[in-house]
Amino acid sequence: MKNIIDEIRKELKQNADEKTKKTGQNFFKEKIKLYGVKTAIVNEIGKRYFKNIKNKSKVEIFNLCEKLLQSGYLEEAFIAYNWAYYIHKYYTPDDFEIFEKWVNNYVSNWAECDTLSNHAIGSFILMFPEYVKKLKTWTKSVNRWVKRSSAVTLILPAKKGMFLDDIFSISDSLMTDADDLVQKGYGWMLKESSKQHQQKVFDYIIKHKKVMPRTALRYAIEKMPENLKKEAMKK
């Protein structure tokens, strides 16, 4: 089991280049620990090595994911979160504690936050919708990535038109957060929800536009018709 981690790291180093590393860092305000491997190659490596472990138990796979996460490298985090998603059919309610631990302890940038939240945690919530109430507690965290995850996790359900009241509740809790990445997170959630519930989301935005940061508002109305956008953007 240790050998597979060593082999992945060896291959990531072999595929690293300085140009990709420099370009990758430009997407983040904070300093990111990077090998400098293109995302398509990272995904290919992850899928290929997953074939070697797909028959392992869920516990063993989660343990391997954690080993990757402990390195702090972005590329290893992508592989770990993808592996966690690949076994989503086998999720059970107690897996929520694992995901909560990962968001709190390992997520350190928006890309990791969105990869874990959109896929693994989002799929978990679709399977166990009663855990939305746990998600709502994340909005009170002091950790910016936990707060962003509380919204971004519902992107997948929002596309299906689900959890509208919960989406509004989470938006209420995050409404005046000063962190632009938290604002963008719940704005994105509202945008996806608007595809199925345009009028209700528009009415919500109009109701709160005096206190909603412009960053969140712009994200939320991005897919709306021009006339609604103009109305929402009026001072």
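Below is a summary of the structure that appears in this document.

Rules used throughout
Residues numbered from 1 in each chain as written. Predicted model: local features only at pLDDT ≥ 70, side-chain atom pairs only at ≥ 80, totals over all residues. Heavy atoms only, no water. Helix = DSSP H or I, 4+ residues; strand = E, 2+ residues; numbered from the N terminus. Rg over C-alpha atoms; globule rule 2.2 N^0.38 Å. Buried < 20%, exposed > 50% of the residue type's maximum accessible area, 1.4 Å probe, protein only. Contact = heavy atoms within 4.5 Å. Areas by Shrake-Rupley, 256 points an atom, 1.4 Å probe, with all protein chains shown as cover. Lys, Arg positive; Asp, Glu negative; His and termini not counted. Charge placed at Lys NZ, Arg CZ, Asp CG, Glu CD. Salt bridge = Lys/Arg side-chain N within 4 Å of Asp/Glu carboxyl O. Arc of directions from axis to C-beta. Phe/Tyr/Trp six-rings, centres within 6.5 Å; stacked < 30°, edge-to-face > 60°. Axes fitted to C-alpha atoms, helices over the stretch in contact; angles between N-to-C directions. Parallel < 35°, antiparallel > 145°, perpendicular 65-115°, else oblique. Left-handed = near helix turned anticlockwise from the far one by under 90°. 1 Å grid on protein atoms, 1.4 Å probe; cavity = no way out; pocket = protein on both sides within 12 Å on 5 of 7 lines; lining within 4 Å. Points joined across faces, edges and corners; volume = space filled by probe spheres on them. Nonpolar A, V, L, I, M, F, W, Y, C, P; charged D, E, K, R; others polar.

## Observations regarding the overall build of the protein
In terms of regular secondary structure, the protein is built from 15 helices and 0 strands. In terms of overall size, the protein behaves like a compact globule, its C-alpha atoms giving a radius of gyration of 19 Å where 235 residues would be expected to give roughly 18 Å. With the principal axes as the frame, the protein shows a C-alpha extent of 60 × 40 × 30 Å. Considering the protein as a whole, with its 235 residues, one finds that 53% of them fall into the buried category. Taking as baseline every contact in the protein between residues at least 6 positions apart, the subset at least 24 positions apart corresponds to 70%. Split by element, the accessible area of the protein, about 11800 Å² in all, is 51% carbon and sulfur. Positive and negative charge centroids in the protein, built from 43 and 29 side chains respectively, lie 4 Å apart.

## Overview of the pattern of salt bridges
All chains considered together, the criterion is met by 17 salt bridges. As a salt-bridge pair, glutamate 66 and lysine 101 come within 2.7 Å of each other at their nearest N and O atoms. Placement of the pair is glutamate 66 in helix 4 (residues 58-69) and lysine 101 in helix 6 (residues 95-105), with a sequence separation of 35 residues. Measuring nitrogen to oxygen at the nearest pair gives 2.8 Å for the salt bridge that ties aspartate 114 to arginine 148. With aspartate 114 in helix 7 (residues 110-127) and arginine 148 in helix 9 (residues 144-152), this pair connects stretches of sequence that are 34 residues apart.

## Comments concerning helix 6
Listed as buried for helix 6 are Asp95, Phe96, Phe99, Trp102 and Val103. Summarising the axial view, the buried residues of helix 6 lie within an arc of 125°, below the 170-degree limit, and thus occupy one face. Relative to its buried face, helix 6 has exposed residues pointing more than 90 degrees away, namely Glu97 and Asn105. For helix 6, the secondary structure elements touched by its buried residues are helix 4, helix 5 (74-86), helix 7, helix 8 (132-137) and helix 9.

## What to know about the packing of aromatic side chains
Two descriptors summarise a pair of aromatic rings, namely the distance from one centre to the other and the angle between the planes of the rings. Applying the stated criterion across every chain, the model contains 17 aromatic pairs. For the ring pair phenylalanine 168 and tyrosine 204, a centre distance of 4.4 Å and an interplane angle of 5° mean the geometry is stacked. Of this pair, phenylalanine 168 sits in helix 11 (residues 164-174) while tyrosine 204 sits in helix 13 (residues 198-208), placing them 36 residues apart in sequence. Three or more aromatic residues link up through ring pairs in this structure, and these residues are Phe62, Tyr81, Tyr91, Phe96, Phe99, Trp102, Phe124, Phe128, Tyr131 and Trp138.

## Re the environment of glutamate 130
Counting through the fold element by element, glutamate 130 comes out in the loop between helix 7 and helix 8. Spatially, the C-alpha atoms of glutamate 130 and proline 93 are 9.6 Å apart, while their sequence positions differ by 37 residues.

## Describing the packing of helix 4 against helix 5
Across the interface, helix 4 lies against helix 5 with an axial gap of 8 Å and an inter-helix angle of 165°. Between helix 4 and helix 5, the angle is such that the two are roughly antiparallel. For the crossing formed where helix 4 meets helix 5, the hand is left-handed. Across the interface between the two elements, Phe62, Leu64, Cys65, Leu68 and Leu69 of helix 4 pack against Glu76, Ala77, Ile79, Ala80, Tyr81, Trp83 and Ala84 of helix 5.

## Quick word on the side chain of glutamate 66
Owing to a relative accessible area of 14%, glutamate 66 belongs among the buried residues under this scheme. If sequence neighbours within four positions are ignored, glutamate 66 has contacts with Lys101, Trp102 and Tyr106.

## Focus: unusual backbone geometry
Even without a glycine there, the phi angle at phenylalanine 163 is positive, about 60°. Mapped onto the fold, phenylalanine 163 is located in the loop between helix 10 (155-159) and helix 11.

## Quick notes on the layout of surface pockets
In this structure, the largest pocket encloses a volume near 360 Å³. Along the wall of the largest pocket there are 20 residues; nearest its centre are Val37, Lys38, Thr39, Leu74 and Phe78. If you list the elements that add at least two residues to the lining of the largest pocket, you get helix 2 (18-25), helix 3 (39-53), helix 5 and helix 7. Its residues placed into classes, the lining of the largest pocket shows 9 nonpolar, 8 polar and 3 charged.

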